[in-house]
Amino acid sequence: TARNQTQPVDSGADDAQRDLEQLTMAVFVIRKEGKGLQEPPEDIGIVIEGVEVLHELTSVASACALLLGLIYALNLLDQHKMSPKVHNLYSKPQSSQ
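Rules of the game
- Residues numbered from 1 in each chain as written.
- Predicted model: local features only at pLDDT ≥ 70, side-chain atom pairs only at ≥ 80, totals over all residues.
- Heavy atoms only, no water.
- Helix = DSSP H or I, 4+ residues; strand = E, 2+ residues; numbered from the N terminus.
- Pairing = 2+ DSSP bridges.
- Axes fitted to C-alpha atoms, helices over the stretch in contact; angles between N-to-C directions.
- Buried < 20%, exposed > 50% of the residue type's maximum accessible area, 1.4 Å probe, protein only.
- Lys, Arg positive; Asp, Glu negative; His and termini not counted.
- Salt bridge = Lys/Arg side-chain N within 4 Å of Asp/Glu carboxyl O.
- Polar contact = N/O pair within 3.5 Å; in protein donor to acceptor, adjacent residues only side chain to side chain.
- Contact = heavy atoms within 4.5 Å.

*Asks:* Is there a simple way to think about unusual backbone geometry in this case?
*Replies:* Glycine aside, residues mostly have negative phi, and peptide bonds are mostly found in the trans state. Its identity as a non-glycine residue notwithstanding, Glu 49 has a phi of 50 degrees, on the positive side. Phi is positive for Glu 56, which is not a glycine, with a value near 55 degrees. Secondary-structure assignment places Glu 56 in the loop between strand S3 (51-54) and helix H2 (60-77).

What follows is the structure, encoded as structure tokens:
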């Protein structure tokens, strides 16, 4: 089962990778051990269904905005969740092939 995590993960690289693979969606921040919050992170990225889809983002705020955009775009591409207007636009190019 997928789980959502909002708590920081303080673990080694292998444990962190396993934790990320179990998440439905998350923004992750990787910091070097011993570095304070004032130091820039090593990496900021997005995981969806256990797959890292974006990394090397500039900030947590931009990662959150991009995650919302990805959620919106992925919902539009899911035919079962499309609004009738979007489904009509999607099916026109499909029927012309």
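*Asks:* I tried to follow the sheet that holds strand S2 (residues 43-48) on my own but got confused; where do I start?
*Replies:* Strand-to-strand pairing in sheets goes through backbone hydrogen bonds, with the strands running parallel or antiparallel. One open sheet accounts for three strands, arranged S1-S2-S3; its pairing is antiparallel. Of all strands in the sheet, those with a lone pairing partner are strand S1 (25-30) and S3, marking the two edges. Pairs of neighbouring strands in the sheet enclose a mean axial angle of 40 degrees, with direction left out of account. As paired elements, S1 and S2 share six bridges and run antiparallel to each other. Within S2, the residue paired with Ala 26 across the bridge is Val 47.

*Asks:* How should I be thinking about the side chain of Asp 43 in this particular structure?
*Replies:* Position of Asp 43 relative to the elements: it lies in strand S2. No salt bridge is formed by the buried Asp 43. Its closest oppositely charged neighbour is Arg 31, at 11 Å. Polar contacts involving the side chain of Asp 43 include one to the main-chain amide nitrogen of Glu 56, which spans 2.6 Å. Not counting the four nearest positions on each side in its chain, Asp 43 is found in contact with Phe 28, Val 29, Ile 30, Glu 52, His 55, Glu 56 and Leu 57.

*Asks:* Is there a simple way to think about the environment of Leu 57 in this case?
*Replies:* You can see Leu 57 is positioned in the loop between S3 and H2. When the C-alpha positions of Leu 57 and Ile 46 are compared, they lie 8.8 Å apart, and in sequence the two are eleven residues distant. Excluding residues within four positions of it along the chain, Leu 57 makes contact with Asp 43, Ile 44, Gly 45, Ile 46, Ser 62, Ala 63 and Leu 66.

Note that every value here comes from positions in space, so none of it alone points to a role or purpose.
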